[in-house]
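For reference, the chains in residue letters:
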Amino acid sequence: MNQFITAGATRLSTAPRASLWREIQRNWVAYVYISPFFILFGIFGAFPIIYSFILSFQQWNGISPAQWVGFENYIRLFQDRLFWLAMWNTIFIGVIAHIPILGGAMVLAFIINSAAVRFKHFYRSAYFLPVVTSPVAVSLIFSTLYGVRFGLINWVLVTLGFPPIDWWGGNGEWIKPAIIILFIWRWLGWNMIIYLAGLQGINPELYEVAAIDGANLRQIFFKITLPLMQPIILFTLVLSTVGAMTIFDEPYLLVGTTGGTNNAGLTIAMYLYDRGFRFAHLGYASAMAYVVSAVIVFVSVLNIRFFGRSRTEV
Amino acid sequence: MTPSETTRLIETARRNARRKSRAKRWRQLTREIVFNGILMVGAFLSAFPFYWMFILATQSTNQIFSWPPQFTPGDSLLTNYQTMLSIIPFWRNFANSVFVGITHTTLALLFCSMGGYAFAMYRFPGRTWLFALLLATMMVPWIAGIVPWFILISKWLHWINRYEALIIPGAASAFGIFWMRQYVQESIPSELLDAARIDGCHEFLIFFRIVAPLLMPAFAALGIMIFINNWNAFLGPLLVMQDKSMYTLPVSLALLRQDPRRGFDAGVQMLGTAMATLPMLIVFLAATRRFMAGLTLGALKG
């Protein structure tokens, strides 16, 4: 903003304030054009976030008057076994799923981008199909694939001589893998397309020079491709963090609101939904929302610190 | 060095080079085979669940439970269809999804293009920090304000079971404005605006008369993205739509899964899923190139 003030002052050599006002008047159309976003964000974004903070210090069921309880919601939250379990489940699913998602996406993008592959367009579309499908549809399809007695996966396993998997029973030890497999299937293609676009932006002369210097494929990948892809990797990491920490649809449909056997599939967003919207513990759910958001912001900042060395904005 | 010795040396060098290039060709060939093999397996794994969805949609419970599974279509498509309609008002839910999707997308395209155009073309005071604020809102997870968001929708606006709740709140997305700003910056020359001003076009109308028609490709690309996201949304409609006839398709499908009277009827579920998914698959396959271009424009400039 200072730039505008000084620019106006040098040009017109009048009082800065008057010229600022004139600049604002001259550009009134721009303010009108950007106002829908700021109005809607104010009402449906900023206001709920601020109100959520206030609510997190209150006890309220939505009907009787709200009570101020100070930090009690947070104290109870940190003593809540299910909260910690849900947090653990969410982080476990997110981290384990994203190693193959991001790693696999990078390798696949590198392969598709290489000269050895034809039908690039076909592959891109095929890998992207899961992304345009709704999480609900994907979850329903996978719940039939995971069928214990009739599921296709168990049929393949038995045919190959392995014992069938009891996906939902036992101690619930197969619930997280089931969610992770679904998550990988759905998100690998999206990340691959992003990486592929990044790879196509790399100057091919760099590869030629490297090849002339005798670099092999592995050296080219680790010494040229990865460093140049750093900003794009950061972009996918930040989005993946938010996506993984707020995962709701898939586990909710696969194992139901309580997360299945031993709550093995209970994620933090599901637990928040359960407390906030099924039991109307509005203050408690708000406190949970704030803790989760703090974790997300914290991890995003860590990501930016580690992967965005030279970048100051995202 | 005798001439014969020289020819011998040249011969050896040539043979070595040939052997090396043959080895190199072999290496390239194996690489090609391995690369294409990996990609083909991956493409198969990506696409197969869709095939399976369509197959199961035509099978009865008995066929689905048979061992080994049948990989060809069954003959229960019509029965499954009738059963599905007895559980959920599918076409009503379908119409809800279409209506909400189209109105939301139209409104979002209007707001996003206006915002993106303003940020790209005007040097107004406060532009820098307003744009920074806009980018910062993208980092805020939706979960932070979800509880009061619902209180706002239900208690104060009385939007439970109303379309507004799904159309208006997300109509001006920060991502969309950011995306449109990139597009406008790259494709609209500022001389065009000056020319319009000289011709006496009112400042407010320059966007609608001159710029908007040039943004058609951008509307298509961003519109597909917004529409698909809206079509697939689950938690929002789950919270605000409490009447069966107001459900959008994802919520309706979830009901198909959880209907306690029926137990697990995979054929009926897969039919509903297939019918809800098919339109998006068609939209996507018809506009893949545009969609991908749109997606990556947003990502690369981030």
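Residues numbered from 1 in each chain as written. Chains lettered and ligands numbered in written order. Predicted model: local features only at pLDDT ≥ 70, side-chain atom pairs only at ≥ 80, totals over all residues. Heavy atoms only, no water.

1. Here's the deal with the interface of chain A and chain B
Taken residue by residue, the interface counts 96 residues in chain A and 102 residues in chain B. Counting the surface chain A buries against chain B, the share from its top three residues, Tyr-33, Phe-44 and Phe-150 of chain A, is 10%. Our count for the contact surface shared by chain A and chain B stands at one salt bridge. Counting the contacts that link chain A with chain B gives 12 residue pairs in polar contact (both at pLDDT 80 or more). In terms of residue count, helix H3 (residues 28-55) of chain A provides more of the side of chain A that touches chain B than any other element does, 20 residues in total. (Contact = heavy atoms within 4.5 Å. Buried area = accessible area lost by both parts, 1.4 Å probe. Salt bridge = Lys/Arg side-chain N within 4 Å of Asp/Glu carboxyl O. Polar contact = N/O pair within 3.5 Å; in protein donor to acceptor, adjacent residues only side chain to side chain. Helix = DSSP H or I, 4+ residues; strand = E, 2+ residues; numbered from the N terminus.)

2. Some remarks on the packing of aromatic side chains
Enumeration over the complete set of coordinates arrives at 59 aromatic pairs over all chains. Ring centres of Tyr-31 of chain A and Phe-124 of chain B lie 5.0 Å apart, and the angle between their planes is 65°; on these two criteria the pair is classed as edge-to-face. A residue pair is termed interchain when its members come from two chains, as with Tyr-31 of chain A in helix H3 and Phe-124 of chain B in the loop between helix H4 (90-121) and helix H5 (127-139). Relative to Trp-68 of chain A, the ring of Phe-57 of chain A has its centre 6.0 Å away and its plane inclined at 20°; by these criteria the two rings are stacked. With Phe-57 of chain A in the loop between H3 and strand S1 (58-59) and Trp-68 of chain A in strand S2 (residues 67-68), this pair connects stretches of sequence that are 11 residues apart. Through a chain of ring-to-ring contacts, the aromatic side chains of Trp-28 and Tyr-33 of chain A together with Tyr-117, Tyr-122, Phe-204, Phe-207 and Phe-208 of chain B assemble into a single cluster. A cation over a ring is seen here: Lys-176 of chain A above Phe-92 of chain A, with NZ or CZ 5.9 Å from the ring centre. (Phe/Tyr/Trp six-rings, centres within 6.5 Å; stacked < 30°, edge-to-face > 60°. Lys NZ or Arg CZ within 6 Å of the ring centre and 35° of its normal.)

3. Some details on the domain arrangement of chain A
Residues and elements named next belong to chain A. Domains assigned within chain A are domain 1 (2-55) and domain 2 (75-307). Placing the centre of domain 1 and that of domain 2 at their C-alpha centroids yields a distance of 39 Å. Contacts between domain 1 and domain 2 engage five residues on the former and four residues on the latter. Carbon and sulfur atoms make up 61% of the surface buried where domain 1 meets domain 2, a total of about 370 Å² over both sides. When the buried surface of domain 1 facing domain 2 is broken down by residue, Ser-52, Phe-53 and Leu-55 rank first, second and third, together holding 88% of it. At the boundary of domain 1 and domain 2, one finds zero salt bridges. Seen at the junction of domain 1 and domain 2, the total is one residue pair in polar contact (both at pLDDT 80 or more). (Domains from an automatic or database assignment.)

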